[in-house]
Amino acid sequence: MPVPDSLTQHVRQQDVDEFVIAVQFIGDTPFFALADGSVLYNKTRHQLHEGCILVASSNNKTLYTGGDDGKIVATTPDGTHTTIVNEKSCWIDALTCTNDSLAWSFAKTIRARNSKGEIRTLETESSCQGLSFRPKGYMLAIAQNGGAKLWMPNTSALPDTLEWKGSHIDVTWSPDSRFVVTSMQENQLHGWKLPEKAHMRMSGYPAKPRSFSWSMDGNWLATSGAEAAIIWPFASKEGPTGKAPRECGVRPKRVTKVSFHPKSLVLALGYEDGFIMLVRLTDASELVVRATMDGATVTALSWRSDGQQLAFGTKDGVTGILTLPV
């Protein structure tokens with residue numbers, strides 16, 4: 001295998017000695033959510049939770065973190081930290097946000113808060129571990145045992161059910177809202193084409209595909225869970241039905257995180273051995289971001305909105321920022 005070109009000289013790293021749960025950019029600043037309940041940004045750690053941070057989500061204006069203390073804390077770039085939810089002794093299992101709405105789950109309860117601060121509650125028959133707002137409109141996709149639900153919290157209508165046997169863990173919408181895709185306990189994805197609810201089974205993974213990322217044009221869905229990024233085609237009206245996926249960044253270690261560049265067909269891949277690379281879909285060219293091949297699993301990966309920086313974090317507490325050369 002030829003050695004890819006390198007961007008390692010443009011990476012700045014910092015040891016934080018704590019599992020990095022997630023990284024999200026708020027404006028130009030990367031915010032790292034750490035397992036010990038703290039958030040790191042501007043080289044300073046802020047303790048926000050009494051226990052562990054379990055989930056995090058952002059809308060480029062605010063970082064929301066949910067913990068095993070039952071709290072959701074909102075962090076803004078000016079350094080303000082506000083506890084906006086306290087479910088007391090319950091763990092926050094899932095969390096998602098849009099520009100003006102927030103949703104979270106604990107046990108078998110799901111709550112959604114709209115732009116006016118109004119909160120609606122949905123009780124479900126099984127616990128939820130995956131939530132995702134539709135890109136346009138106030139609708140929430142919910143991943144749980146037996147399939148997914150589509151819930152409109154601003155109405156009294158019952159959720160619409162997307163059925164498929166098995167345990168569904170994470171969920172994502174396509175950018176044009178035509179498809180809903182979940183990851184499953186059985187090392188596969190399952191999708192539905194809307195509104196007809198046509199099934200799309202995407203199998204063959206050696207491990208659970210727990211990381212999703214859509215290309216900026218919505219034509220590709222990249223996933224982790226194999227010794228390459230598995231990238232499914234969604235350009236046609238039928239999505240990936242009857243089509244084979246592409247494989248990029250093939251290495252003898254599994255991909256754990258994927259993140260598409262926000263403005264071009266470039267995919268960032270993080271691996272279980274700490275290695276990170278960029279792959280350009282148009283010609284499959286590769287660039288090394290982090291050359292470590294005996295490090296800890298990459299657990300967080302995110303681009304700045306202008307695509308000029310990539311931030312990452314690992315299981316053993318290393319954070320890093322790649323600044324692309326001009």
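Everything below is about the structure shown above.
Rules and cut-offs
- Residues numbered from 1 in each chain as written.
- Predicted model: local features only at pLDDT ≥ 70, side-chain atom pairs only at ≥ 80, totals over all residues.
- Heavy atoms only, no water.
- Phe/Tyr/Trp six-rings, centres within 6.5 Å; stacked < 30°, edge-to-face > 60°.
- Buried < 20%, exposed > 50% of the residue type's maximum accessible area, 1.4 Å probe, protein only.
- Pairing = 2+ DSSP bridges.
- Helix = DSSP H or I, 4+ residues; strand = E, 2+ residues; numbered from the N terminus.
- Axes fitted to C-alpha atoms, helices over the stretch in contact; angles between N-to-C directions.
- Core = buried A, V, L, I, M, F, W, Y, C linked by side-chain atoms within 4.5 Å.
- Contact = heavy atoms within 4.5 Å.

Draft legend 1. Fine view of the packing of aromatic side chains. Taken as a whole and judged by the stated rule, the model has five aromatic pairs. For the ring pair Phe133 and Tyr138, a centre distance of 5.9 Å and an interplane angle of 20° mean the geometry is stacked. In this structure Phe133 comes out as buried when scored by relative accessible area, which is 7%. Aromatic pair Tyr271 and Phe275: ring centres 5.8 Å apart, planes at 70°, arrangement edge-to-face. Here the two residues Tyr271 and Phe275 agree in accessibility, since each one is buried.

Draft legend 2. Quick look at the sheet that holds strand β26 (residues 266-271). Read from one edge of the open sheet, five strands run β1-β28-β27-β26-β25, paired in mixed fashion. A strand with exactly one partner marks an edge of an open sheet, and here the two such strands are β1 (5-6) and β25 (255-260). Pairing between β1 and strand β28 (residues 286-290): two bridges, direction parallel. Among the inter-strand pairings, Asp5 is bridged to a residue of β28, identified as Leu287.

Draft legend 3. Representation of the pairing of strand β9 (residues 71-75). Across the five residues that make up β9, a large majority, five, are buried. As paired strands, strand β8 (residues 63-67) and β9 are joined by four bridges and run antiparallel to one another. Counted as the bridge partner of Thr65 is Val73 from β9. The turn joining β8 and β9, which pair antiparallel and follow one another in sequence, is formed by three residues; a positive phi near 80° is taken by Gly70. Pairing analysis gives five bridges linking β9 to strand β10 (residues 81-86), with the strands arranged antiparallel. Bridge assignment links Ala74 to a residue of β10, and that residue is Thr82.

Draft legend 4. Just the pairing of β26, in detail. Counting buried positions along β26 gives six out of six residues, so the element sits mostly inside the fold. Here β26 shows a buried face lined by Val266, Ala268 and Gly270 and a second buried face lined by Leu267, Leu269 and Tyr271. One ladder, built from five bridges, connects β25 with β26; its direction is antiparallel. Bridge pairing links Val255 to Tyr271 in β26. Judged from the five bridges that link them, β26 and strand β27 (residues 276-280) form a sheet pairing that is antiparallel. Across the sheet, the residue bridging to Leu267 is Val279, located in β27. In this antiparallel pair of consecutive strands, β26 and β27, the connection spans four residues, and Gly274 shows a positive phi of 90°.

Draft legend 5. Representation of the sheet that holds strand β2 (residues 11-15). Pairing is antiparallel across the open sheet formed by four strands, whose spatial order is β2-β31-β30-β29. Of all strands in the sheet, those bounded by a partner on one side alone are β2 and β29 (298-303). Across the sheet, the axes of successive neighbouring strands diverge by a mean angle of 15°, strand direction being ignored. Sheet analysis places β29 next to strand β30 (residues 309-314), joined by five bridges and oriented antiparallel. Paired with Trp303 across the bridge in β30 is Leu310.

Draft legend 6. The nonpolar core, seen in detail. Counting 16 residues, the largest nonpolar core has Ile231, Phe260, Leu267 and Leu269 as its most contacted members. Within the residue set of this core, elements represented by two or more residues are β22 (220-223), β23 (229-233), β25, β26 and β27. Setting aside residues no more than four positions away along its own chain, Leu269 makes contact with Ala229, Cys248, Gly249, Val255, Lys257, Phe275, Ile276, Met277, Val279 and Leu301. Val266, Val289, Trp303 and Leu324 belong to the second-largest nonpolar core, a separate cluster that totals 14 residues.

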